[in-house]
Amino acid sequence: MTDAGGGPKKPFWAVVVFVILGFIAFAVYRADLFMPAGEDETKGQEGEISKQDLDKAKSAGVEANDPNAPTTVKEYAFVPESKLPAVKGVSAYQPMKNGVVRFALNVWAGWAPIIFANDGFKPGKEWTAPDGKKFKVELVLIDDPVAMRDAYASGNIHIGWATLDMLPLFMEELSKDSRVMPRVYQQIDWSNGGDGIVARGAVENVGQLRGKAI
């Protein structure tokens, strides 16, 4: 599409200009310059939910009971007090076989860096202690805290896991056997924002829990 002089004809330049204008128009459209978001669309995006919004959501059935959900039940039984069962087995720690430390984990995404650093659960990677001794780590999945505690007390694992509030409960039983003396040597993470409290409808904020039994 050239003219007598060898240059592009006018229709070619018209197509080029049309394509360029099309790209500009598309960019302006996606930049939301010609159609800015209305006030109603941006209202309430500050991360706050009013009591009226909550009441409206509840009346709409957003939190309606789902009989098919495994975590939803109609009634909950209140358990005033309970204690952990006694430790099964006795401490019988033997020298580590082939220099392998058995480390219990539970089902929690926070263990992922340890699994990654160890190249998996099996004792394949070799580690070096501060004194220069070589050892390997076998990661063992024990999600039940009581089963993990008993495995530690019987010597089947060398390192266990626990949340801070679980330690006094564990020590109540472990202290009965003088051969078992756990040592807390590492804090894995902080639990800020990782826990919650479920309360009845009469409680609408944390301050209303003051003076009540939890």
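Everything discussed here concerns the structure shown above.
Because the structure is a prediction, the values reported are computed rather than measured.

### Some remarks on the overall build of the chain
Helix and strand counts for the chain stand at six helices and three strands. Shown N-terminal to C-terminal, the secondary structure of the chain runs as helices and strands in the order α-α-α-β-α-β-β-α-α. Considering the chain as a whole, with its 214 residues, one finds that 16% of them fall into the buried category. When contacts within the chain are restricted to residue pairs at least 6 apart in sequence, those whose partners lie at least 24 apart make up 54%. If you sum the accessible surface of the chain, you get close to 17,800 Å²; carbon and sulfur atoms cover 60% of it.

### Brief notes about the side chain of Asn106
Checked against the element boundaries, Asn106 lands in the loop between strand 1 (100-105) and helix 4 (112-117). Of the polar contacts made by the side chain of Asn106, one reaches the side chain of Trp111; its length is 2.5 Å. Filtering out sequence-adjacent residues up to four positions away, Asn106 remains in contact with Trp111, Leu141, Ile142, Asp143 and Trp161.

### What to know about the packing of aromatic side chains
Think of a pair of aromatic rings as described by two things: how far the centres are apart, and how the planes are tilted against each other in angle. Inspection of every chain in the model, using the stated rule, returns two aromatic pairs. Between Phe103 and Trp111, the aromatic rings sit 5.7 Å apart at their centres with planes inclined by 80°, giving edge-to-face as the arrangement. Accessibility classification places Phe103 together with Trp111 in one group, the buried group. Each ring, one from Trp108 and one from Trp111, has its centre 5.5 Å from the other, and the planes form 90°; the classification is edge-to-face. The cationic tip of Lys125 hangs over the ring face of Trp127; the distance from NZ or CZ to the ring centre is 4.5 Å.

### As for the sheet that holds strand 3 (residues 134-141)
With mixed pairing, three strands are arranged side by side in an open sheet as 1-3-2. Two strands in the sheet have a free side with no partner beyond their single neighbour: strand 1 and strand 2 (126-128). Sheet twist, expressed as the mean angle between neighbouring strand axes with direction ignored, is 45°. Two strands pair when backbone bridges link them, and strand 2 and strand 3 are joined in this way by three bridges, in the antiparallel orientation. Counterpart to Glu126 in the pairing with strand 3 is Lys136.

### Observations concerning the nonpolar core
Of all hydrophobic cores here, the largest spans 20 residues; its most connected members are Phe103, Ala104, Ile142, Met148, Ile157, Trp161 and Leu174. The set of elements that each furnish at least two residues to this core consists of strand 1, strand 3, helix 5 (145-153) and helix 6 (167-174).

### Considering the pattern of salt bridges
Under the counting rule described, the total for this entry stands at two salt bridges. Among the salt bridges present, the one from Glu138 reaches Arg102, with a minimum N-O distance of 3.3 Å. Taken together, the residues span a long stretch of sequence, with Glu138 in strand 3 and Arg102 in strand 1 at a distance of 36 residues. Glu138 gets classed as partly exposed once you look at its relative accessible area, which sits at 25%.

### Description of a nonpolar patch on the surface
Taken together, the side chains of Val15, Phe18, Val19 and Phe23 define a hydrophobic patch exposed on the protein surface, amounting to about 460 Å² of accessible area. Residue position: Val19 is located in helix 1 (residues 10-30). Residue class for Val19 comes out partly exposed when judged on its relative accessible area of 39%.

Cut-offs used in this document
For every chain, the first residue of the written sequence is number 1, and numbering continues from 1 onward in sequence order. Local features in this predicted model are restricted to residues whose pLDDT is 70 or higher, and side-chain atom pairs enter the listing and the counts only when it is 80 or higher, whereas totals over whole chains, interfaces and linings include all residues. Excluded from the side-chain calculation are hydrogens and water; included are all heavy atoms of the structure. For helices the rule is a DSSP run of H or I covering at least 4 residues; for strands it is a run of E covering at least 2, with both sets numbered from the N terminus onward. Relative accessibility under 20% of the residue-type maximum defines a buried residue, over 50% an exposed one, and the middle range a partly exposed one, all with a 1.4 Å probe and only protein chains included. A contact between two residues is defined here by any heavy atoms of the two lying within 4.5 Å. In short, Shrake-Rupley with a 1.4 Å probe defines the accessible areas, and a residue's cover is counted only from the protein chains shown. Polar contact is defined as a pair of N or O atoms within 3.5 Å, subject to the rule that within protein one atom must be able to donate a hydrogen and the other to accept it, and that residues adjacent in sequence are counted only when both atoms are side-chain atoms. Working definition: rings of Phe, Tyr and Trp (its six-membered ring) pair if their centres are within 6.5 Å, and the pair is stacked with planes under 30 degrees apart, edge-to-face with planes over 60 apart, and tilted otherwise. In this scheme, the term charge over a ring applies when either NZ of a lysine or CZ of an arginine sits within 6 Å of the ring centre and within 35 degrees of the ring normal. Two strands form a pair only when DSSP identifies at least two bridges running between them. Between the N-to-C directions of two axes lies an angle of 0 to 180 degrees, each axis being a line fitted to C-alpha atoms and, for a helix, fitted only over the stretch in contact. Nine residue types can take part in a nonpolar core, namely buried Ala, Val, Leu, Ile, Met, Phe, Trp, Tyr and Cys, and a core is a set of them joined through side-chain atoms within 4.5 Å. By definition here, a salt bridge exists when the distance from a side-chain nitrogen of Lys or Arg to a carboxyl oxygen of Asp or Glu is within 4 Å. Exposure above 30% relative accessible area and the lack of any salt bridge qualify a residue for a patch; like charges then connect within 9 Å, and the nonpolar side chains Val, Leu, Ile, Met, Phe, Trp and Tyr within 5 Å.

Read these as layout, nothing more, since geometry by itself doesn't imply function.
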